[in-house]
Every structure is written in structure tokens, then in C-alpha cells.
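Here are the chains, one letter per residue:
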Amino acid sequence: MHEPRRAEAHEAGGGSDESRRLLEAGLNLKPSGRVHAPSSTAPPESASSGAAGEITVADPVFSCRDLSVFYGDKRALKNISVDIGRRQVLAAIGPSGCGKSTFVRCLNRMNDTIPGARVTGTITLDGQDIHDAASDVVRLRARVGMVFQKPNPFPKSIYDNVAYGPRIHGLTRSRADLDEVVCTSLQRAGLWSEVKDRLKALATGLSGGQQQRLCIARTLAVQPEVILMDEPCSALDPIATAHVEDLIDELRESYTIVIVTHSMQQAARVSQRTAYFHLGELIEVGATEQVFGNPQRKLTEDYITGRFG
Ligand code: ADP
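Residues numbered from 1 in each chain as written. Predicted model: local features only at pLDDT ≥ 70, side-chain atom pairs only at ≥ 80, totals over all residues.

Chemist: Explain the overall build of the protein chain to me, using residue names and the numbers behind them.
Modeler: For the protein chain, the helix and strand inventory stands at eleven helices and 13 strands. In the protein chain, which comprises 309 residues, the proportion classed as buried is 49%. Sequence separation of at least 24 residues holds for 73% of the intrachain contacts in the protein chain that already meet a minimum separation of 6. (Helix = DSSP H or I, 4+ residues; strand = E, 2+ residues; numbered from the N terminus. Buried ≥ 20, exposed ≤ 12 C-beta atoms within 10 Å, placed from the backbone. Contact = placed C-beta atoms within 7 Å.)

Below is the structure:
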């Protein structure tokens, strides 16, 4: 059915602060990782029994099948198969080290940037294989934006942070167009009223919560379809967290969101579907109320009832 593929990771950009910031902003402009046909030396697939719950959804944005990730010899994800629904929030939960971040990084090929990382299996975005040789990784990372745990604004003005992606991707034709994109993105990120009078001020002078919403605005400015959020609130205080959670709720009307969170309360508040990972396996996936209210696997139940994790 699905031909396994292997996308071999490669060095992304010298590891400088600037290249790291660009990558973290989903703006990696380096060439994509190479895609190889499966080789006979590929490690054997695990005999994973598959996740409990419904892995398929109608009209998926992403479909992942038999997705595995290796860091050198270590296998961090084991045969994950799951669809991600359009204009929904999928929460990835599970104990630390279970592979949540690795999973979301697969969705915009950020694992390609980790030396020694190797991805097998297939991922389609709107039906197109993202590891296909014809797939443009720069375009992919514009379509699938990423927001990180720690807000990571560029040491530039608020305006220039948001304008950065549209400028690099040539999305606007005039200064007026760019002004419009910056304004709209900041409005969508719920930050406009707080910064409209100081767009030329340094972004690093904003509070942590404002910086995170600025990073969301920066992601929105390149018109993504999907936003990946890797523990976006873990560095924020409760008020800033509530702001970002409200924002996620608004954004899902227009975007698909995948959020990694260690907070089960947060997963329950913001997501419609929840995926529970354990030791690199997807144990269970389903409607959030069902996963929290009536888990089908004991491992899921033990985690959500606080028995471990
Ligand atoms: P989680 O997000 O659930 O905490 P991760 O995806 O970060 O889990 O990690 C899954 C496993 O992969 C862990 O055992 C972790 O140590 C390993 N891992 C993650 N990133 C790397 C990396 N860059 N190099 C080597 N191992 C890694």
C-alpha cells in the first residue's frame, strides 16, 4: 500500500545562532534533505500492534503511515499511523521522551536538520508525499509553520519580525501590502492593540507572552495551513498561557494546529483530538473527551490519572 521511504537527515546550516533562529521560525532556506529509496539495511519494522482509537479522519490535512524516526541507532518513533484533521487541534501528550516533539518535527521535516536523524514511512500533506523528491521543503515549512517552547523573536523590530517571512518568500508586492500583512498577522495573533504604536521597537523588549504571540504572528504572516506548537506555553505565566490558549481556539477556525503539551488540562482545554504517545509508540488517539473520559488502553488511563509521567 504505502511504499516506505527514507528521508535521510542532513546538516542544516552550520548551527549558528542565526541559522538556528531561522530554523526555529520555520524559515529554513537551506536545501531539503535527500530522499532515498528503502534499502535492505533498513532496521526491521517493529511489531507494533497499532494505536487504539480511530487513526483516520474524513478529509485529513496530514496522513502519516508507518512513520518511524531514528536518531543514529536509537528508534524514537515506532510505526506511527495517524491522520490529522483539517481545522482541528490535535494534542500530542505523553511522558517526557515519548517522541511527541519528534513526531511534530516530522510534519515539516524539521528532523531533516538533525544530524544522524532518519525518517521512514510516509507522510502526505493534502495527499502529496512530503518526502517526495519534487517536494519543496522551503515551501513546506511556510505551509506548516512552527512555534517553539521558548519564544524566539529575531533581534529586530516588531514590524521586521512579522515582515521577515513575507519578504523572504516574496509574498507582497509593495510596502502597503507588507504593512497590511503585518497588521493582519498581529491582529490574528491578538497582539495588534498592544504593539500598534511601537512597531519599530525591538521585539526582544516585549514580555514573554507577547513575544510568543509575536512568534505566532510571524508564523501566520507566511500564510500557513498548519501550525505546529511544541509546548508553546511552558515558558509563560498563567495569564499569558490563557491568552495563547484563547488564541489557539480562535485560530483553529482557519488553521490546523498540532500542539505538544505536557499539561493534560491544556490538552483537554484546547484540542478536539488527542494522541497519547508512550516510548515512541502511538498508544491511543481519538476525540479528546473520549481519550480523557473513557481511555481504551490501560497505559493511557495510567498516564491521565497521574499514575506515571
Ligand atoms: P518528547 O517530546 O516526548 O519529550 P522527544 O521527541 O524529544 O520526546 O524525544 C524522543 C526520544 O528521542 C528521546 O529518547 C530523546 O532522548 C530522543 N531524541 C530527541 N531528540 C534527539 C536528538 N536530536 N538526538 C538524539 N536523540 C534525540
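Chemist: So what's going on with the environment of arginine 139? Which residues, and what values?
Modeler: The topology assignment puts arginine 139 in helix α3 (residues 137–143). The spatial distance from the C-alpha of arginine 139 to the C-alpha of proline 224 is 9.6 Å, given a sequence separation of 85 residues.

Chemist: If you had to explain the site of the ligand to someone new, which residues and values would you point to?
Modeler: Surveying the vicinity of the ligand reveals the residues Tyr71, Lys74, Ala76, Gly94, Ser96, Gly97, Cys98, Gly99, Lys100, Ser101, Thr102 and Ile114. Elements with a contribution of two residues or more to the shell around the ligand: β5 (74–85) and α2 (100–107). Top element by residues in the shell around the ligand is α2. It accounts for three residues. Here the shell around the ligand is built from residues that sort into four nonpolar, six polar and two charged. (Near = placed C-beta within 6 Å. Nonpolar A, V, L, I, M, F, W, Y, C, P; charged D, E, K, R; others polar.)

Chemist: Just give me the short version of helix α5 (residues 175–188), but keep the residues and values in it.
Modeler: With 14 residues, α5 extends 20 Å between its outermost C-alpha atoms, agreeing within 8% with the 20 Å of an ideal straight helix rising 1.5 Å per residue. Along α5, the residues that are buried comprise Val181, Val182, Ser185 and Leu186. The arc enclosing the buried residues of α5, seen along the axis, measures out at 125 degrees, which places them on a common side. In α5, the exposed residues that point more than 90 degrees away from the buried face are Ala176 and Asp177. At its buried positions, α5 is contacted by α4 (158–169), α6 (192–195) and α7 (208–220). (Expected span 1.5 Å × (residues − 1). Arc of directions from axis to C-beta.)

Chemist: Lay out the pairing of strand β11 (residues 256–260) in plain terms, naming residues and giving numbers.
Modeler: When you tally the buried positions in β11, you get five out of five residues, the bulk of the element. Residues Thr256, Val258 and Val260 of β11 are buried on one face, and the alternating residues Ile257 and Ile259, pointing to the opposite face, are buried as well. Pairing of strand β6 (residues 89–93) with β11, which is carried by four bridges, proceeds in the parallel orientation. Across the sheet, alanine 91 pairs through a bridge with isoleucine 259, a residue of β11. In the sheet, strand β10 (residues 226–230) pairs with β11 via five bridges, with the strands oriented parallel. Pairing of leucine 228 across the sheet is with valine 258, part of β11. Handedness of the crossover joining β10 and β11 through helix α8 (residues 238–251) is recorded here as right-handed. (Pairing = 2+ DSSP bridges. Right-handed = clockwise from strand over helix to strand, strands pointing away.)

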